[in-house]
Amino acid sequence: MGERTVAVLAGGLSHEREVSLRSGRRLAAALRDVGAQVAEWDADGSLLERLRTDPPDAVVVALHGGDGENGAVQSVLEMLDVPFVGSGSSACRLAWDKPSAKARFARAGLTTPDWVVLPHATFRELGARAVLDAMVSRLGLPMMIKPDQGGSALGAQVVRNVEDLPAAMVDCLAYGTAVLAERFVSGVEVAVAVVGDAEPRALPVVEVVVKSGVYDFTARYTPGATSFPCPARLPAQVLRGVEQAALQVHQLLGLRDVSRTDAIVAEDGTVYVMEVDACPGLTDTSLLPLAVAAAGEHLGEVFSALVDEAIRRR
């Protein structure tokens, strides 16, 4: 790695900029630990000029939200023929759009909670009260509300009472143009990271135990607000089922190098696939680094191997 230069791309202009910068700093430090020459670049107006005048051997995309996860930055890197770690632009677009990804899950036979997607305009044109009543009739309460696109649980919340629905919708639509409403599933919340390209493998399953009961933005990034037993405290057979579901999701959406699938394991052992992140966080409270450590591996070594794969792909 010492002879290769790696640009860690972080920051950007999304709601998740600060989280991305934290991910980028941690990843850069991990790569330096294993001898890589690392530059930390922001995804701003100078990026294309930097890529043209001082091209690295590879880029690692550590962006969260917006253009960093919806395939836009990946399209630019593909256009410039720059090797990069992470999924290609088309796979990123699919994973970023939660309803499209859920439809793929369902068609492939994976279990995912029943859902509806409603654009902002629908509430205005058809009447908010009537639409909300129809949502409750279809999905019941409690109900999970989240933007149809986005990460870090921004705008996501569990709604348990009808009177709380209007405010939840307003909050959700502050982060997107459409609402994804899901039937609430109770159970053990887990996450599974998958790494590798030619031979992807699942890392140990992480269990998410939230003191407040909801794994929202605050619970994700406040030290001590959530605990993460890893491997998850589930029977071995159930753990294998969760790992297989994550590998299926990774391959089904055409993801590569790294992904993280979030799921709920119900009391009867059913694995409900919730969503997948094509650019998982790497902060001190993120789940991918926890899984890497639980596997007895070093974050820098894992990503240096992915850098090698990205260069070989070129």
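Computed from a predicted model, the values in this text were never measured in an experiment.

Caption draft 1: View of the overall build of the protein chain. When its secondary structure is counted, the protein chain shows twelve helices and 14 strands. On the principal axes, the C-alpha backbone points of the protein chain span a range of 60 × 45 × 35 Å. When contacts within the protein chain are restricted to residue pairs at least 6 apart in sequence, those whose partners lie at least 24 apart make up 66%. Put simply, the protein chain shows about 13600 Å² of open surface, and 49% of that area lies on carbon and sulfur atoms. On the protein chain, the mean spot of the 29 positive side-chain charges and the mean spot of the 40 negative ones are 2 Å from each other.

Caption draft 2: How the structure looks around the side chain of Glu-69. Residue position: Glu-69 is located in the loop between strand E3 (58–61) and helix H3 (72–79). Salt bridges are absent for the buried Glu-69, whose nearest opposite-charge side chain, Arg-260, sits at 7.8 Å. Each residue touching Glu-69, except ones within four places of it in the same chain, is listed here: Glu-16, Leu-63, His-64, Cys-92, Trp-96, Asp-277, Ala-278 and Cys-279.

Caption draft 3: Structural context of the nonpolar core. Formed by 35 residues in total, the largest nonpolar core has its most connected members in Leu-27, Leu-31, Leu-288 and Phe-303. Elements represented by at least two residues in this core include exactly strand E1 (5–10), helix H1 (17–33), E3, strand E9 (188–196), strand E11 (206–210), helix H11 (287–294) and helix H12 (299–313). Here this core gets six residues from one element, more than from any other, and that element is H12. Ignoring anything within four residues of it in the chain, the contact list for Leu-288 reads Ala-193, Val-195, Leu-203, Val-258, Pro-280, Gly-281, Leu-282 and Phe-303.

Caption draft 4: Main features of the sheet that holds strand E7 (residues 157–159). Read from one edge to the other, the open sheet built from four strands follows the order E5-E8-E6-E7, with strand pairing classed as antiparallel. With one partner strand each, in any of the chains shown, strand E5 (115–119) and E7 form the two edges of the open sheet. This sheet shows a mean twist of 25° between the axes of neighbouring strands, independent of strand direction. In terms of strand pairing, strand E6 (residues 143–147) meets E7 through three bridges, oriented antiparallel. Its bridge partner being in E7, Ile-145 is matched across the sheet by Gln-157. Packing against the sheet, helix H5 (residues 98–107) makes contact with E5, E6 and strand E8 (178–183), and its axis sits at approximately 155° to E5. Across the sheet, helix H7 (residues 128–139) lies against E5, E6 and E8, angled at about 165° from E5, the strand it touches most.

Caption draft 5: Inspection of helix H10 (residues 236–252) at higher detail. Relative to the 24 Å expected for 17 residues at 1.5 Å per residue, H10 spans 24 Å between its end C-alpha atoms, a close match to the ideal helical length. Among all positions of H10, only Val-238, Leu-239, Val-242, Ala-245, Ala-246, Leu-247, Val-249 and His-250 are buried. Turning to H10, the residues buried within the fold contact H5, E9, strand E10 (201–202), strand E13 (257–265) and strand E14 (271–277). Gly-254 sits one or two residues past H10 and shows a positive phi near 75°.

Caption draft 6: Quick peek at the side chain of Thr-283. Tracing the chain through its elements places Thr-283 in the loop between E14 and H11. Classification of Thr-283 as buried rests on a relative accessible area of 1%. Apart from the residues within four sequence positions on either side, Thr-283 is in contact with Val-19, Arg-22, Ser-23, Arg-26, Tyr-221 and Pro-289.

Caption draft 7: Main features of the pairing of E11. In terms of residue burial, E11 counts as a mostly covered element, since four of its five residues are buried. Both E9 and E11 contribute to a ladder of three bridges, which runs antiparallel. Its bridge partner lying in E11, Ala-191 is registered against Val-206. For E11 and strand E12 (residues 226–227), the ladder comprises two bridges, and the chain directions are antiparallel. Its bridge partner lying in E12, Val-210 is registered against Thr-226.

Caption draft 8: The arrangement of the sheet that holds strand E4 (residues 84–85) in detail. Taken in spatial order, the four strands line up as E2-E1-E3-E4 in an open sheet, and their pairing is parallel. Each edge of the open sheet carries a strand with a single partner, namely strand E2 (37–42) and E4. One ladder, built from six bridges, connects E1 with E2; its direction is parallel. Pairing of Leu-9 across the sheet is with Trp-41, part of E2.

Caption draft 9: Just the pattern of salt bridges, in detail. Taken as a whole and assessed by the stated rule, the structure comprises 16 salt bridges. Here Arg-138 ties to Asp-114 by a salt bridge, and the two come within 2.9 Å at their closest N and O atoms. Here Asp-114 lies in the loop between H5 and E5 and Arg-138 lies in helix H7, a separation of 24 residues in the sequence. Since its relative accessible area comes to 25%, Asp-114 is described here as partly exposed. Ionic pairing is found between Arg-129 and Asp-133, a salt bridge with its closest N-O pair at 3.3 Å. Pair noted here: Arg-129 and Asp-133 are both in helix H7, with a separation of four residues, about one helical turn. Several salt bridges converge on common partners, so that one network encompasses Lys-102, Lys-146, Glu-182 and Glu-275.

Criteria and cut-off values
- Residues numbered from 1 in each chain as written.
- Predicted model: local features only at pLDDT ≥ 70, side-chain atom pairs only at ≥ 80, totals over all residues.
- Heavy atoms only, no water.
- Helix = DSSP H or I, 4+ residues; strand = E, 2+ residues; numbered from the N terminus.
- Contact = heavy atoms within 4.5 Å.
- Areas by Shrake-Rupley, 256 points an atom, 1.4 Å probe, with all protein chains shown as cover.
- Lys, Arg positive; Asp, Glu negative; His and termini not counted.
- Charge placed at Lys NZ, Arg CZ, Asp CG, Glu CD.
- Buried < 20%, exposed > 50% of the residue type's maximum accessible area, 1.4 Å probe, protein only.
- Salt bridge = Lys/Arg side-chain N within 4 Å of Asp/Glu carboxyl O.
- Core = buried A, V, L, I, M, F, W, Y, C linked by side-chain atoms within 4.5 Å.
- Pairing = 2+ DSSP bridges.
- Axes fitted to C-alpha atoms, helices over the stretch in contact; angles between N-to-C directions.
- Expected span 1.5 Å × (residues − 1).

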